[in-house]
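Coordinates in review
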Amino acid sequence: MLPQRTVVLSILSTVAWSFEMKFPPSFKFGAASSSYQIEGGWNASDKTPNIWDKFTHDNPNIIKNGDNGDVACDSYNLWERDIEMASELGLQFYRFSISWTRLLPNGYPNCVSENGIRYYDNLINGLLEKGIEPIVTIYHWELPQRFQDLGGWTNSLVSDWLADYARVVFSLYSDRVKTWITVNEPSILCDFAYNTGLMAPGITDPEHAVYLCTKNTLIAHAKAWRIYDREFKPRFHGRVSVSHHIVWFEGKDEELTELVHEYSNARFTHPIYTEVGGWPRMFEKYMAEKSRNQGYTKSRLPEFTEEEIELCKGTYDFFGLNFYVARLVRLAKPGEQLGPFPIGDIPELDVKLEVSPDWGQTKSLIRSVYPESIRHMLNWIKENCGDVDILVTENGYGTSTTGLDDHFRVQYYRDYMEQVLLAIKEDGVNVIGYTAWTLMDNFEWSEGYTVKYGLYEVNFTSPQRTRTPRASAHFYKTVIANRSLPPKALVDNQIKDEL
């Protein structure tokens, strides 16, 4: 570790910040977390198990080092320190999620936990007292286990369960929370979980469950959005959307690449953001033909009724973008082995996904470093979803490296934020904010605590889960304060000089 003076402090001491790299006055900066990844307190008070509690307890061999979120960052007890960190950074907003069974112990709205209400009241009020806007995710993968026992996201009733839960959350906090995410990353919730079995609920069924989950998640979001739109928006004037995990694809075969975009991205965005709604047409046709050739009497992609198409269309107030991944696309060679999507390939389309040797790679299982890809992705959203406000709800760099001098993360944030800024200034994309993933090291799902994303390092061996700012925290703080980026050459040269 570098003594005292980190690489970022040299950067911050320089006045050569570029006015051309200045963000618009209305642009907002934030950081994000999620309840299972940081809260701990898995059985505190009257909270009951969710699917991640059961999955990690029953399958310690699947999670690196047998880790789980039982204690995590202990934010259930240390929430005041979390607010303090957000204030230290100068964040304009902090995105966090609510644990379904902490608030509704039996999953249904007939029993609301007073301790759960109080916990999120304290967090929201504490943020507002510091001048930090709370952005709340209603569902970040913590389905009540009792609902999973009934089929979870493959049971069409799940849309009503989530809608009822959302109404409770809106009724409790809409007077103070003005920006909402209904569901975090439907594509990971469905594709990663059911294609690989490496995430809760630990069921592998790529042929059917993936698509049942997709449709049910979209309808659940739509019902929650319409509840807010009818019952709460007239009084509180907030905004509601989804956070989509979107992947940038490039390939020499344009038609194949477009099909891959429809499979991975538009499957989740087309029903919401387009005027016609429903499934993206090329992929819908592909699935109908493939299902027929497989001997099925109807498509494995479940049909939307006209009523369902209308229910989902237009259920957004902005576009939430979680962005980490870019891939090259090509058809698989005869007999070539394909890994499951989204870790490796897309067996459904007989497509091989690769990383360009020109790109970097993070320590996370699937994430790459290709800064220009976020600009490409932002333009794809504008082209395919309309001239919508886009909030980057997650973007960050994971590594197994410990310590405070995370120069690689400084470079990553600087380069990706530059591409966001270029999309705004040169392409006319309406990007309204940027969210760093994540505020602090946390439980990174199947990777446990082996991969670090935090602006703050967390000492997981300390009972106090001590949080210490990394170089990237100092860098991000100064970007927020200056509302601009330092020149790329300055960052690169300073890092070379001090390493």
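In this report, the structure presented in the accompanying data block is examined.

Procedures and definitions
Residues numbered from 1 in each chain as written. Predicted model: local features only at pLDDT ≥ 70, side-chain atom pairs only at ≥ 80, totals over all residues. Heavy atoms only, no water. Helix = DSSP H or I, 4+ residues; strand = E, 2+ residues; numbered from the N terminus. Rg over C-alpha atoms; globule rule 2.2 N^0.38 Å. Buried < 20%, exposed > 50% of the residue type's maximum accessible area, 1.4 Å probe, protein only. Contact = heavy atoms within 4.5 Å. Areas by Shrake-Rupley, 256 points an atom, 1.4 Å probe, with all protein chains shown as cover. Lys, Arg positive; Asp, Glu negative; His and termini not counted. Charge placed at Lys NZ, Arg CZ, Asp CG, Glu CD. Phe/Tyr/Trp six-rings, centres within 6.5 Å; stacked < 30°, edge-to-face > 60°. Core = buried A, V, L, I, M, F, W, Y, C linked by side-chain atoms within 4.5 Å. Expected span 1.5 Å × (residues − 1). Bend = angle between axes of the 7 residues up to and from the residue. Polar contact = N/O pair within 3.5 Å; in protein donor to acceptor, adjacent residues only side chain to side chain. Salt bridge = Lys/Arg side-chain N within 4 Å of Asp/Glu carboxyl O. Disulfide = S-S within 2.5 Å.

1. Remarks on the overall build of the protein chain
In terms of regular secondary structure, the protein chain is built from 18 helices and 13 strands. A compact globule built from 499 residues should have a C-alpha radius of gyration of about 23 Å, and the protein chain, at 22 Å, falls within 12% of that. Expressed as a percentage of the 499 residues in the protein chain, the buried residues total 62%. Within the protein chain, contacts between residues separated by at least 24 positions form 77% of all contacts whose residues are at least 6 apart in sequence. Split by element, the accessible area of the protein chain, about 18,600 Å² in all, is 50% carbon and sulfur. Of the charged side chains in the protein chain, 50 are positive and 66 negative, and the gap between their average positions amounts to 2 Å.

2. Structural notes on the packing of aromatic side chains
Tallying each qualifying case throughout the model produces 42 aromatic pairs. Between Tyr-324 and Tyr-453 the ring centres are 6.3 Å apart and the planes differ by 75°, which places this aromatic pair in the edge-to-face class. Of this pair, Tyr-324 sits in strand β6 (residues 319-331) while Tyr-453 sits in the loop between β11 (431-437) and β12 (456-458), and the two are 129 residues apart along the sequence. With a relative accessible area of 1%, Tyr-453 lands in the buried category. Through pairs of rings, three or more aromatic residues link up here, namely Phe-23, Phe-27, Phe-29, Tyr-397, Phe-408, Tyr-412, Tyr-413, Tyr-416, Tyr-434 and Tyr-476.

3. Some remarks on the nonpolar core
Among the nonpolar cores identified, the biggest contains 156 residues, and Trp-52, Tyr-139, Trp-153, Tyr-173, Trp-180, Leu-321 and Met-417 are the most heavily contacted of them. If you tally residues by element for this core, the top one is helix α10 (residues 209-231), at twelve residues. Once residues lying within four places of it in the same chain are set aside, the contact partners of Met-417 are Phe-23, Phe-29, Tyr-434, Phe-475, Tyr-476, Val-479 and Leu-485. Counting residues in hydrophobic clusters, the runner-up holds five residues, among them Phe-93, Ile-135, Ile-181 and Leu-391.

4. Regarding helix α12 (residues 254-273)
Over its 20 residues, α12 extends only 23 Å from the first C-alpha to the last, a length that falls short of the 28 Å expected when each residue adds 1.5 Å. Maximal helix bending in α12 amounts to about 70°, located at Ala-266. Of all 20 residues making up α12, 17 are buried, and the element is well covered by its neighbours. Its side-chain oxygen 3.2 Å from the backbone nitrogen of Glu-255, Asp-253 forms the N-cap of α12.

5. Here we look at helix α16 (residues 407-425)
Helix length check: α16 (19 residues) gives 27 Å between terminal C-alpha atoms against 27 Å at 1.5 Å per residue, within 8%. For α16, a buried count of 16 out of 19 residues is recorded, marking the element as mostly surrounded by other parts of the structure.

6. Side note on the pattern of salt bridges
Overall, the coordinates contain 32 salt bridges when judged by the stated rule. Between Arg-95 and Glu-394 there is a salt bridge, and its shortest N-O distance comes to 3.2 Å. Of the two residues, Arg-95 is situated in strand β2 (residues 93-97) and Glu-394 in strand β10 (residues 390-394); the sequence distance between them amounts to 299 residues. Note that Arg-375 is salt-bridged to Glu-426, the shortest N-O span being 3.1 Å. With Arg-375 in helix α15 (residues 372-385) and Glu-426 in the loop between α16 and β11, the pair connects residues that are 51 residues apart, well separated along the chain. A relative accessible area of 18% means that Arg-375 is categorised as buried. Beyond isolated ion pairs, a larger network of salt bridges with shared partners links Arg-414, Asp-415, Glu-418 and Lys-488.

7. Digging into the environment of Ser-484
Relative to the assigned elements, Ser-484 resides in the loop between α17 (471-482) and α18 (488-498). According to the relative accessible area criterion, Ser-484 is buried, its value standing at 4%. In sequence terms Ser-484 and Ser-356 are 128 residues apart; their C-alpha atoms lie 30 Å from each other.

8. Considering the environment of Leu-172
Along the chain, Leu-172 falls in helix α8 (residues 158-173). What makes Leu-172 partly exposed here is its relative accessible area of 23%. When the C-alpha positions of Leu-172 and Glu-426 are compared, they lie 41 Å apart, and in sequence the two are 254 residues distant. If we skip the residues at most four places from it in the chain, Leu-172 touches Leu-103, Val-112 and Ile-117.

9. Some points on the state of the cysteines
According to the stated counting rule, one finds one disulfide in the structure shown. One disulfide in the model links Cys-190 with Cys-213; its S-S distance is 2.1 Å. Judged by the torsion about the S-S bond (-75°), the Cys-190/Cys-213 disulfide is left-handed. In this pair, Cys-190 is assigned in helix α9 (residues 186-196) and Cys-213 in helix α10, connecting sequence segments 23 residues apart.

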